[in-house]
Amino acid sequence: MSSYNIALNFEDGVTRFVECKAGEKVLDAAFRAKINLPMDCSDGVCGTCKCRAESGRYDLGDEYIEDALSDGEKQSGLVLTCQMVPQSDCVIAVPASSTACKTAQSRFAATVANVEPHNDAAVVLELNVAGAAPVFLAGQYVNIDVPGSGQHRSYSFSSAPGETNVRFLIKKIPGGTMSTWLESARPGERVEMTGPLGSFYLRAVQRPLLFLAGGTGLAPFLSMLEVLARDRSQQQIHLIYGATRDLDLVQVEAIEAYGARLPNFTFGTVVADPTSTHPRKGWVTQHIPAQCLNDGDVDVYLCGPPPMVDAVRGYFDEHGITPHSFHYEKFTPNAAAVAV
Ligand code: FES
């Protein structure tokens, strides 16, 4: 391979992708792409260019000094971009805003390919992006301009990176700006969006995964599952998908299909409605199998409304569980997502 794809995720959630040639340092590749990553000496001395490598393989060489990057920092995944030579695609968290680095989110034009209602609960919107497939990390979202409204709404990709047709799972809200437009949206209609955005994305998979989805918070997990299936992941993955009513459980067949492609994937659905006849009722926290917590050696990802995020945090506290990592994205209809 003569080049690698490097995702730079800035602290304001903006992500830019740069091509890093074989043997090239990340700082130089970013500079070629007109992105000014934090730096001072560019010589491995000052430590100003310190970032966190979230995934990927790389070589830091031995020409930097301990004051710039200690062994402990290196072990914990910190890197100096002025020394870092990627050996695979990498994701790097940059502790600076995109504007400070003189860059910004990208804008895409697309056309409506399909609008598929799911009960009265949700709609799958499929857009065809003109030109190259948009680059994003599984789990990220974009801001879609709602045609004719002057407003935008934030939605996670439910499709995986690398496809020119992208999909979104959108909750139906009576009278909502996006829901109203979707009622009359027709194939071929033009839509614009900006992104990708968000720090809720699949990190390097090194231990069991527990995915917790609330309602249309399922979307980013569909994207992640597709990436995991493409990578032929053997890791233990458990998804718990909670919804308010039976009718809100959508795309269950799509989830089920991953059972055939991911040998250690299991999932369960939960319905909160007390009148439901669903076999598992209540909240996702009441249905987390103990073995899926793997004594804390687990990476937990959660996407759902704020009370669900709070409930899961409370559950971990109550049970004295500290997962190896806990990534979550809170969303409320009509608002931008907040990822941690
Ligand atoms: Fe000084 Fe990288 S810019 S160590």
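Preceding block: the structure.
This one's a predicted model, so the numbers in the text were calculated from it and none came from an experiment.

What counts, and at which threshold
Residues numbered from 1 in each chain as written. Predicted model: local features only at pLDDT ≥ 70, side-chain atom pairs only at ≥ 80, totals over all residues. Heavy atoms only, no water. Helix = DSSP H or I, 4+ residues; strand = E, 2+ residues; numbered from the N terminus. Buried < 20%, exposed > 50% of the residue type's maximum accessible area, 1.4 Å probe, protein only. Areas by Shrake-Rupley, 256 points an atom, 1.4 Å probe, with all protein chains shown as cover. Phe/Tyr/Trp six-rings, centres within 6.5 Å; stacked < 30°, edge-to-face > 60°. Lys NZ or Arg CZ within 6 Å of the ring centre and 35° of its normal. Pairing = 2+ DSSP bridges. Axes fitted to C-alpha atoms, helices over the stretch in contact; angles between N-to-C directions. Right-handed = clockwise from strand over helix to strand, strands pointing away. Core = buried A, V, L, I, M, F, W, Y, C linked by side-chain atoms within 4.5 Å. Contact = heavy atoms within 4.5 Å. Salt bridge = Lys/Arg side-chain N within 4 Å of Asp/Glu carboxyl O.

A. View of the overall build of the protein. A count of helical and extended segments in the protein gives seven helices and 19 strands. Each principal axis of the C-alpha distribution contributes one length, and for the protein these read about 65 × 50 × 35 Å. The buried share among the 340 residues of the protein stands at 53%. A total of about 15100 Å² of accessible surface is found on the protein, and carbon and sulfur atoms cover 49% of it.

B. Broad picture of the packing of aromatic side chains. Evaluated as defined, the whole model comprises ten aromatic pairs. Site record: aromatic cluster; members linked through ring pairs are Phe200, Phe211, Phe221 and Tyr301. In this structure, arginine 203 packs its charged tip against the face of tyrosine 201, placed 3.9 Å from the ring centre.

C. Geometry of the sheet that holds strand 9 (residues 122-129). With respect to topology, six strands assemble into an open sheet ordered 11-10-13-8-9-12, the strand pairing being antiparallel. With partners counted over all chains shown, the strands left at the sheet margins are strand 11 (151-156) and strand 12 (165-171), one partner each. Strand-to-strand twist across the sheet, computed as the mean angle between neighbouring axes with direction ignored, equals 40°. Bridge analysis of strand 9 against strand 12 gives seven bridges, and the strand direction is antiparallel. Across the sheet, residue glutamate 126 finds its bridge partner in strand 12, namely arginine 167.

D. Region of the structure containing the sheet that holds strand 3 (residues 50-55). Pairing within the open sheet is mixed, and its five strands lie in the order 2-1-7-3-5. One side of each edge strand has no neighbouring strand; the edge strands of this open sheet are strand 2 (15-21) and strand 5 (78-80). The average angle at which neighbouring strand axes cross in this sheet is 35°, direction not considered. As defined by bridge partners, strand 3 adjoins strand 5 across three bridges and the pair is classed as antiparallel. Counterpart to lysine 50 in the pairing with strand 5 is leucine 80.

E. How the structure looks around the pairing of strand 16 (residues 265-271). Counting buried residues along strand 16, five of its seven residues qualify, which places the element largely inside the surrounding structure. One ladder, built from seven bridges, connects strand 15 (residues 237-243) with strand 16; its direction is parallel. Across the sheet, the residue bridging to isoleucine 237 is phenylalanine 265, located in strand 16. Read as a crossover between parallel neighbours, the route from strand 15 over helix 5 (residues 252-261) to strand 16 is right-handed.

F. Examining unusual backbone geometry more closely. In this chain, glycine 195 is followed by proline 196 through a cis amide linkage whose omega measures 5°. Examined against the element boundaries, proline 196 turns out to sit in strand 13 (residues 190-197). The phi dihedral of arginine 232 is positive, around 55°, even though this residue is not glycine. With respect to the helices and strands, the residue arginine 232 is situated in the loop between helix 4 (219-230) and strand 15. Among the residues examined, arginine 232 registers a relative accessible area of 67% and is labelled exposed.

G. Quick look at the pairing of strand 15. The buried count for strand 15 comes to seven of seven residues, which makes it a mostly enclosed element. Side chains Ile237, Leu239, Tyr241 and Ala243 of strand 15 all project onto a buried face; the interleaved residues His238, Ile240 and Gly242 project onto the opposite face, where all are buried too. Sheet analysis places strand 14 (residues 209-214) next to strand 15, joined by six bridges and oriented parallel. Bridged to leucine 209 within strand 15 is isoleucine 237. Read from strand 14 through helix 4 to strand 15, the crossover connection turns out right-handed.

H. Just the nonpolar core, in detail. Ranked by internal contacts, the top residues of the largest apolar core, which has 35 residues, are Phe211, Phe221, Leu225 and Leu239. Taken together, the elements giving at least two residues each to this core come down to strand 9, strand 14, helix 4, strand 15, helix 5, strand 16 and strand 17 (299-304). Those residues in contact with phenylalanine 221 that lie beyond four places of it in its chain are Phe200, Phe211, Leu212, Ala213, Leu239, Tyr301, Leu302 and Cys303. Phe10, Cys20, Val26 and Cys90 belong to the second-largest nonpolar core, a separate cluster that totals 32 residues.

I. Representation of the side chain of serine 156. Here serine 156 is to be found in strand 11. Using a relative accessible area of 11% as the deciding quantity, one classes serine 156 as buried. Setting aside residues up to four positions removed in sequence, serine 156 forms contacts with Gly139, Gln140, Tyr141, Arg167, Phe168, Ala219, Pro220 and Glu329.

J. Highlighting the pattern of salt bridges. Here the structure, examined in full by the defined rule, presents 14 salt bridges. Residue arginine 190 pairs with glutamate 192 through a salt bridge whose shortest N-O separation is 2.8 Å. On the basis of relative accessibility, which here comes to 26%, the residue glutamate 192 falls in the partly exposed class.

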